[in-house]
There are 8 protein chains.
Amino acid sequence: MTDVGIIMGSDSDWPVMRLAAEALDEFEVAHEVRVVSAHRTPHLMLDYAGEAVARGLKVIVAGAGGAAHLPGMVASATPLPVIGVPVPLKHLDGMDSLLSIVQMPAGVPVATVSIGGARNAGLLAVRILAATDPALLAKMRDFQESLRALVAEKDAALSASLVERP
Amino acid sequence: MTDVGIIMGSDSDWPVMRLAAEALDEFEVAHEVRVVSAHRTPHLMLDYAGEAVARGLKVIVAGAGGAAHLPGMVASATPLPVIGVPVPLKHLDGMDSLLSIVQMPAGVPVATVSIGGARNAGLLAVRILAATDPALLAKMRDFQESLRALVAEKDAALSASLVERP
Amino acid sequence: MTDVGIIMGSDSDWPVMRLAAEALDEFEVAHEVRVVSAHRTPHLMLDYAGEAVARGLKVIVAGAGGAAHLPGMVASATPLPVIGVPVPLKHLDGMDSLLSIVQMPAGVPVATVSIGGARNAGLLAVRILAATDPALLAKMRDFQESLRALVAEKDAALSASLVERP
Amino acid sequence: MTDVGIIMGSDSDWPVMRLAAEALDEFEVAHEVRVVSAHRTPHLMLDYAGEAVARGLKVIVAGAGGAAHLPGMVASATPLPVIGVPVPLKHLDGMDSLLSIVQMPAGVPVATVSIGGARNAGLLAVRILAATDPALLAKMRDFQESLRALVAEKDAALSASLVERP
Amino acid sequence: MTDVGIIMGSDSDWPVMRLAAEALDEFEVAHEVRVVSAHRTPHLMLDYAGEAVARGLKVIVAGAGGAAHLPGMVASATPLPVIGVPVPLKHLDGMDSLLSIVQMPAGVPVATVSIGGARNAGLLAVRILAATDPALLAKMRDFQESLRALVAEKDAALSASLVERP
Amino acid sequence: MTDVGIIMGSDSDWPVMRLAAEALDEFEVAHEVRVVSAHRTPHLMLDYAGEAVARGLKVIVAGAGGAAHLPGMVASATPLPVIGVPVPLKHLDGMDSLLSIVQMPAGVPVATVSIGGARNAGLLAVRILAATDPALLAKMRDFQESLRALVAEKDAALSASLVERP
Amino acid sequence: MTDVGIIMGSDSDWPVMRLAAEALDEFEVAHEVRVVSAHRTPHLMLDYAGEAVARGLKVIVAGAGGAAHLPGMVASATPLPVIGVPVPLKHLDGMDSLLSIVQMPAGVPVATVSIGGARNAGLLAVRILAATDPALLAKMRDFQESLRALVAEKDAALSASLVERP
Amino acid sequence: MTDVGIIMGSDSDWPVMRLAAEALDEFEVAHEVRVVSAHRTPHLMLDYAGEAVARGLKVIVAGAGGAAHLPGMVASATPLPVIGVPVPLKHLDGMDSLLSIVQMPAGVPVATVSIGGARNAGLLAVRILAATDPALLAKMRDFQESLRALVAEKDAALSASLVERP
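Along every chain, residues carry numbers that run from 1 in the direction the sequence is written. In the order they appear in the text, chains get letters beginning with A and ligands get numbers beginning with 1. Only residues with pLDDT of at least 70 are given local features in this predicted model, and only at 80 or more are side-chain atom pairs given and counted; all residues enter the totals for whole chains, interfaces and linings. Only heavy atoms go into the side-chain values, all of them from the structure, while hydrogens and water stay out.

I tried to follow the overall build of chain A on my own but got confused; where do I start?
Helix numbering and strand numbering both begin at the N terminus, where a helix is a DSSP run of H or I of at least 4 residues and a strand a DSSP run of E of at least 2. Within chain A, the regular secondary structure consists of 6 helices and 5 strands. Its helices and strands taken in sequence order, chain A reads β-α-β-α-β-α-β-α-β-α-α from the N to the C terminus. Taken along its principal axes, the extent of the C-alpha atoms in chain A is 65 × 40 × 30 Å. The buried share of chain A, reckoned over its 166 residues, is 67%. For chain A, long-range pairs separated by at least 24 residues make up 67% of all intrachain contacts whose partners lie at least 6 apart in sequence. Each accessible area is a Shrake-Rupley result for a 1.4 Å probe, and residues are judged covered by the shown protein chains and nothing else. Of the roughly 5100 Å² of accessible surface on chain A, a fraction of 56% belongs to carbon and sulfur atoms. The cut-offs for exposure are 20% and 50% of the maximum accessible area for each residue type, with area from a 1.4 Å probe on protein chains only; residues under the lower value are buried, those over the upper are exposed, and the others partly exposed. Should any heavy atoms of two residues lie within 4.5 Å, those residues are counted as being in contact.

What is the right way to look at unusual backbone geometry in this model?
Outside of glycine, negative phi angles account for most residues, and trans bonds account for most peptide bonds. One non-glycine residue, Leu92 of chain A, lies in the positive phi region at around 70°. Here Leu92 of chain A is to be found in the loop between β4 (82–87) and α4 (95–102). Phi is positive for Glu28 of chain E, close to 55°, though the residue is something other than glycine. Tracing the chain through its elements places Glu28 of chain E in the loop between α1 (14–26) and β2 (31–35). Look at Glu28 of chain E and you get exposed, because its relative accessible area is 65%.

Explain the relation of the copies chain D and chain A to me, please; I cannot follow it from the model alone.
Each copy of the chain is related to the other by a rotation around an axis and a translation along that axis. Each copy is superposed on the other by least squares, with the fit set by C-alpha atoms of residues at a pLDDT of at least 70 in both. Once chain D has been moved 0.0 Å along the axis and rotated by 90°, it coincides with chain A to within an RMSD of 0.0 Å. What the rotation and shift describe, once combined, is the action of a four-fold rotation axis. Comparing interface residues between copies, only 8% of those in chain D also lie at the interface in chain A; the contact surfaces differ.

What am I meant to see in the relation of the copies chain C and chain A here?
For the pair chain C and chain A, the best superposition has an RMSD of 0.0 Å and corresponds to a rotation of 180° with a translation of 0.0 Å parallel to the axis. As the rotation angle and translation indicate, the two copies are arranged about a two-fold axis.

Which parts of the structure should I look at to understand the pattern of salt bridges?
Oppositely charged side chains can pair when the atoms bearing their charge come close. Salt bridges are defined as contacts in which a side-chain nitrogen from Lys or Arg sits within 4 Å of a carboxyl oxygen from Asp or Glu. Under the defined criterion, the tally for this structure stands at 64 salt bridges over all chains. For Arg55 of chain E, the salt bridge identified is with Glu32 of chain E, shortest N-O distance 2.5 Å. Remark: Glu32 of chain E occurs in strand β2 and Arg55 of chain E occurs in the loop between α2 (42–51) and β3 (59–65); sequence separation between them is 23 residues. Here Glu32 of chain E falls in the buried class, since its relative accessible area comes to 14%. Among the salt bridges present, the one from Glu26 of chain G reaches Arg119 of chain G, with a minimum N-O distance of 2.9 Å. In this pair, Glu26 of chain G is assigned in helix α1 (residues 14–26) and Arg119 of chain G in helix α5 (residues 118–130), connecting sequence segments 93 residues apart. On the basis of relative accessible area, Arg119 of chain G is assigned to the partly exposed category, the value being 21%.

I tried to follow the interface of chain D and chain A on my own but got confused; where do I start?
How big an interface is tends to be stated in terms of accessible area lost as the parts join. Taken together, the contacts link 13 residues of chain D with 17 residues of chain A. Counting the contacts that link chain D with chain A gives 2 salt bridges. The salt bridge partner of Lys154 of chain D is Asp11 of chain A, with a shortest N-O separation of 3.7 Å. What qualifies as a polar contact is a pair of N or O atoms within 3.5 Å, subject to a donor-acceptor requirement within protein and to the restriction that residues adjacent in sequence count only when both atoms come from side chains. Counting across the interface, chain D meets chain A through 3 residue pairs in polar contact (both at pLDDT 80 or more).

Honestly, the environment of Gly122 of chain A in this entry has me stumped. Any pointers?
All names here are of chain A. You can see Gly122 is positioned in helix α5 (residues 118–130). Judged by its relative accessible area of 0%, Gly122 falls in the buried class. Put simply, Gly122 and Phe143 are 21 residues apart on the chain and 13 Å apart in space, counted from C-alpha to C-alpha. Each residue touching Gly122, except ones within four places of it in the same chain, is listed here: Ala20, Ala23 and Leu24.

Help me understand the UniProt feature "binding site: substrate" (unreviewed entry) in chain A in this model?
As recorded in UniProt, the feature "binding site: substrate" (unreviewed entry) lies at Ser10, Asp13 and Arg40 of chain A. Here Ser10 of chain A lies in the loop between β1 (4–8) and α1 (14–26). When neighbours within four sequence positions are excluded, Ser10 of chain A is seen to be in contact with Val35 of chain A together with Lys154 of chain D. For Arg40 of chain A, the position within the fold is in the loop between β2 (31–35) and α2 (42–51). Its relative accessible area of 18% is what places Arg40 of chain A among the buried residues. UniProt positions are given in the numbering used here, feature names are shortened, and annotations may be inferred rather than shown by experiment.

Looking at this model, I keep getting lost on the UniProt feature "domain: PurE" (unreviewed entry) in chain A. Mind explaining?
The feature "domain: PurE" (unreviewed entry), as annotated in UniProt, sits at residues 2–151 of chain A in this numbering. Annotation note: span residues 2–151 of chain A, helix share 46%, strand share 17%, distance between end C-alpha atoms 33 Å.

Help me understand the pairing of strand β1 (residues 4–8) of chain F in this model?
Within a regular strand, the side chains alternate between the two sheet faces. Residues and elements named next belong to chain F. Burial of β1 is extensive: 5 of the 5 residues sit out of reach of the surface. Where burial is concerned, the two faces of β1 agree: the one with Val4, Ile6 and Met8 and the one with Gly5 and Ile7 are both buried. When β1 meets strand β2 (residues 31–35), the two strands line up parallel, connected through 5 bridges. Residue pairing for β2: Gly5 is matched across the bridge by Glu32. Read as a crossover between parallel neighbours, the route from β1 over helix α1 (residues 14–26) to β2 is right-handed. Direction of pairing for β1 relative to strand β3 (residues 59–65): parallel, over a ladder of 5 bridges. Counterpart to Met8 in the pairing with β3 is Gly63. The rule for pairing is simple: two strands pair if DSSP sees at least two bridges between them. Here a crossover is taken to be right-handed if, once the strands point away from the viewer, the path from the first strand over the helix to the second is traced clockwise.

See below:
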């Protein structure tokens, strides 16, 4: 069963959004990837959002840039948690994308991650599913432990390289 | 016949948006005013946009604040020109509203006016209609002439007040 | 059982954060409210985060302002989903709070809502729980339906008030 | 007859502004392209604006960067709708251009599009003309339909490429 | 003879701009005050700028807010030094006014002062005139000396008030 | 006699600031170029400013980046007009330089030009000197006329290139 | 002996800067308070900075707003650590003050605290002195402990108030 | 004995942070370099901060980017002065890093330097140690003198190069 839907307005967002898919792969969370545009396919977008529960989805990850309406509009048409990824475009460094996604009015929340932060969007989806799935929760703990180990490694490597300085 | 539709996401936007209606009143342009929310009534919003041409509308003025998706979403579902008014909310002074409205992706334009600039949205709707309506164009010229006269009056009044200084 | 922990760095954040509690009350989701400070009680904060799973919490909502470190630090010490509320302080209108919360590095996500958006934080917690709780999901659908009804009411009221204009 | 005038302050704006001309070409809307500078040829600029109606123009598209005064000044001297394109310069990513164009005072509106959004300026000019031109309106509908088809294609292509992953 | 022309787009700018006039009064520099609007009286504005030299003006101080085009447009039509005062409006705290005035293209400079800094605009006009007027230069030196004395007084007063603390 | 002093905090500012020198060369205005640092040579800086009048300077052009204190500090120690050039550094695109220069307190003005706008700083110095020098004023008029001619040329060239399109 | 010098450009900064003095009072660190202006008394400022070591000062706390040059200029003329407090003025919410203070060039550091953060400036001065003063270090530890206790109190009080809700 | 601890969240910060180490090397101040992450190793971070005094450290320099929590969190768990270096990441040019570090709440200061300003962080650490170490203070004076000499050299070189222009 597919738990997470990853959507984006254009395939040009894929280089950013694939990081969300990769994070879900690492946790073996089933997901689908779709191009759905708020501005070019508004009815399709609402249909996608409206059918998400019936199709078994539990979380939707939506990436968009500029006047980034996709995450908020999807959230308006589904009761599921929607995670928004501000995709940075050519100008303004993603600040427009961030504000367009995060500043939702009371009633319709979007769980916003950092500019270009699709990997974190995937990890947040895992955490959401893990909240009621002990096995997945254990995997997330392992993952966090691995982050700690990685820092220790980098610390050792940096120290070693400094000692070697003449 | 109603030429212009003025829409907003909440009646709390009315104190700003009424300035658009007043501008249209001054030019005797028929208009309607509706509360239509992108996030609370997404299907109704698309219906409104989709039926606008058939109902005889020629321009839509849409006001929204924060993650302001209404103007862009309406523009996605109608071929008519859509004018967006960034309504300033409690925080960020309308900068989020402005960017959410103006930074539309290629393919779906929104004619954006200044933060809180609903009066100019009304006047822009008049100019759009006037482009193919000589009588309305003449009215707009008269209006511009009246602005010039107003400046002359203010100039005279300020000069007079300065002369009176002891 | 308590599903959601609402925490904030100071009781001065309570006027904002109580909106999260109220939203959870509306959905009859059990929650606790605690003052836990990243900068004044760092060890207590990590303890709170570290024990959250064992205590049965499923979601943590954390509000903070300025150099707002609470949500991200809590997320570093729990595998649960953490929702961050950027509390606006006296200067910068909450932009510092927003960036300090949302711009988390890859590996540790925080689900960020709008500046001052504690009500949406509560609603997001409900959606997260509802993803695997059909009864709660149904309530969220009802809530969304009520938003639609509210817009219809406001639309009718505004139209009525306009007709009454002389 | 020429319906749309595209103007810019310098030929260095042409790589951006040519997208407006291309959009008009796609819809077979007659247009002219001129270099007219607010700061280097102020009288010529006012003359151009003042004669636009008599010359048969219906919409003016003006691009400018930095302290971008061309769109607003042209709007002050014509009753026609003026579309402003904020051209990004070397610094500030077009934010200065955007604010200089969009923040017009009450009385003189400029229909502002996104930073560098000349293609949308052209499409907005088409929508304005189409508001009273059923044939052009039909073309705009077809164009919007083609956008939908394009999304469907991209969606299929992305899905196909993902299936092929080992 | 009138050396300095102070102009503004509306009498609503006078509470800010009067500080420029007061500074000139302190130095007994003859000046005139006029309401001249870039957007409402574009031709009058260019006429004012074009005739400034012949009328004996040596410096023009221009205040404007929002899409603040007055200083730059006046500078385009006179060879005299033009000082721009960014007048803060209701939103954006004068940042739009500042960028619209200061970011002029190469060829047409505007001497920009701080947001709301009309007093400094007056003092800058004095410095410009004083560059070739030894008597005025001596006055400016005296003024600067008086600023030093004022700081010494404030320093003494603050120290005294602190000593008196119980 | 040297009329204008061009100063900068480091020779790394020279690629920007040389445009000021070139503009003065075009108008045959005598000038000197010096490296004087507010933060590395504070006493030398105040000496330079304090002796400027006695050495015959009439205008000082000061370029600085980041926490750009040079223009304002020089203005504090001379009665001459000081022109500030915000030099953009590696981060923030010159916005820090601009605010550090333009936001001077009442009493000590700096005539600020655009980010990186050293050419305009040179031209502004010419205008300041020209205010009381008819021959230089005539040159500035000629220069402005040449800008107009340049726009006409570019307009013709662009039109020609468009006609040639197949 | 006086360890810390607190300086500010105007007595209007005192309502902000007194918080630095109060923090030093709490730790019984001897300090002086002076009005010293970078722009109005530049030589006095350099004298104050130049004599600081000889007079026995160990840390200087400098507050300034807008184009806030005082902290950086003082740092240029003393080898002592200088703490900068960005004082917010009427416009821009202290962002100009912050950037003018913090963005110092390599070679001359200023230890910058938050906008309006004079209390933290005082506490930072204590930490600097405490780095080589075990008794003062112990006091700082006690202070940090008291912050922890305060949070515990607030937590208990908030919990109590919530229980009392009907 | 090691006086200064330099820490950073990832070895990817080392190209920026090594400038702090180099500055300390120039002054022969003993220091250590560690990778310690607020978000990946929160307990280790608090341990590092908590043991700093006992290990003889006197100053901690902490670099971080984005939602940069390391400096503030370390400051929460040590009474020593903590210097924060905002490391610029891929987006927002370090503005998020700066605000996350500098906007600390009252009670827990971080001595913030410029974006990417690790060299100044090292120099600030030297100044802090020098405040109670006359020999080190003398070195800092010599260093400042060398900056003055460097400016004189650059001034001479620039002047020479200009004279050589044909």
